[in-house]
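What follows is each chain in one-letter form.
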Amino acid sequence: NIIGTFNILQSIKELKADLPDDFMIIHISTDEVFGSLSFNDNPFTEESPYLPNSPYSASKASSDLLVRSWHETYGIKAVITNCSNNYGPWQNPEKLIPKIIFNAISGNTIPIYGNGKNIRDWLHVSDHVNALLSVGQTDEMFGKYVIGGNQEMSNIELAKIICSYLDKVAPSEKSYFKQIEYVEDRLGHDLRYAIDASHIKDNLGFKPLYKLRQGIQDTIDWYLQNKSWVRKKANSQEQQKIL
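Let us look at the structure shown here. (Residues numbered from 1 in each chain as written. Predicted model: local features only at pLDDT ≥ 70, side-chain atom pairs only at ≥ 80, totals over all residues. Heavy atoms only, no water.)

## Side note on the sheet that holds strand S2 (residues 78-83)
- Overall, parallel pairing links the three strands, which are arranged S1-S2-S6 in an open sheet. Each edge of the open sheet is held by one strand with a lone partner, namely strand S1 (25-30) and strand S6 (142-147). Each strand axis lies, on average, 20° off the axis of its neighbour in the sheet, ignoring direction.
- Bridge count for S1 against S2 is six bridges, and the pairing is parallel. Counterpart to Thr30 in the pairing with S2 is Cys83. (Pairing = 2+ DSSP bridges. Helix = DSSP H or I, 4+ residues; strand = E, 2+ residues; numbered from the N terminus. Axes fitted to C-alpha atoms, helices over the stretch in contact; angles between N-to-C directions.)

Next up, the structure:
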């Protein structure tokens, strides 16, 4: 996150004279840089302070600051976006939603961190792409946008929805939810993320189109139709760990 972003920015600085006048960099970051919310806190906005709680989110925050500094120092047109959790087709099998789906249909336990009450705001990848296309039309020399799906849900509730739909479309001898296993919480696991995306809606006209339950069902259908890809991807990752 840090070195890669630095190298890109340094390359842009060195090539600045040869770039088109309307060149801009869109830096895609995460809502994790803002830290954790309680169940009652207001959602994150563009004005939220950076309070990362893990080395990963700290490295993402660092990359955001690098982009801002390159704009201020070298006049590079830049936009920073901080999005909520993405989901949809082609997502890496290690991520929560595909992991629940793949473990369920493979007959394995479905691991859920802690008590499963951690809350995330879910954004379909197609909505995220449309938001980025909207951002690309801005005339601002420097912009900042938080992007969310306005659809908060706890991890355990999400798992229930996935398992319930799988029970209908790929029934097993018992409900897939019985494969849920609560595991030790991971270090630095933030309680809740939520996004107030009114700024991008008011200024660029973007709003998400996908409703979470329908988006989840479409995503499950895709993974069921592409099980061989998921297995190949998962096996490749296991092999890389061994190497």
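## Quick notes on the packing of helix H1 (residues 2-15) against helix H2 (residues 55-74)
- Following both chains from N to C, one finds H1 and H2 inclined at 15°, their axes separated by 9 Å at the closest point. The orientation of H1 with respect to H2, classified from their angle, is roughly parallel. Judged by the twist between their axes, the crossing of H1 over H2 is right-handed. Residues Ile2, Thr5, Phe6, Leu9, Gln10 and Lys13 of H1 touch H2, and the partners they reach there are Ser59, Ser62, Ser63, Leu66, Val67, Trp70 and Tyr74.
- Looking at the contact of H1 with H2 residue by residue, the class counts come to seven nonpolar, five polar and one charged. (Parallel < 35°, antiparallel > 145°, perpendicular 65-115°, else oblique. Left-handed = near helix turned anticlockwise from the far one by under 90°. Contact = heavy atoms within 4.5 Å. Nonpolar A, V, L, I, M, F, W, Y, C, P; charged D, E, K, R; others polar.)

## Considerations on the sheet that holds strand S5 (residues 119-124)
- The sheet built from three strands is open, its strands ordered S3-S5-S7 with mixed pairing. With partners counted over all chains shown, the strands left at the sheet margins are strand S3 (85-87) and strand S7 (152-154), one partner each. Across the sheet, the mean angle from the axis of one strand to that of its neighbour is 50°, orientation sign disregarded.
- Here S5 pairs with S7 via three bridges, running antiparallel. Bridge pairing links Asp121 to Glu152 in S7.
- Across the sheet, helix H7 (residues 212-225) touches S3, S5 and S7, and the angle it forms with S3 is around 50°.

## Comments concerning the pattern of salt bridges
- Applying the stated criterion to the full structure yields one salt bridge.
- Of the charged contacts, one joins Arg192 and Glu152 as a salt bridge, the two residues approaching to 2.7 Å between their closest N and O atoms. Note that Arg192 is positioned in the loop between strand S8 (180-183) and helix H6 (198-204) and Glu152 in strand S7, a separation of 40 residues in sequence. (Salt bridge = Lys/Arg side-chain N within 4 Å of Asp/Glu carboxyl O.)

## Some details on the environment of Asp31
- Looking at the element boundaries, Asp31 is found in the loop between S1 and H2.
- Sequence spacing of Asp31 and Val67 is 36 residues, and the spatial spacing of their C-alpha atoms is 16 Å.

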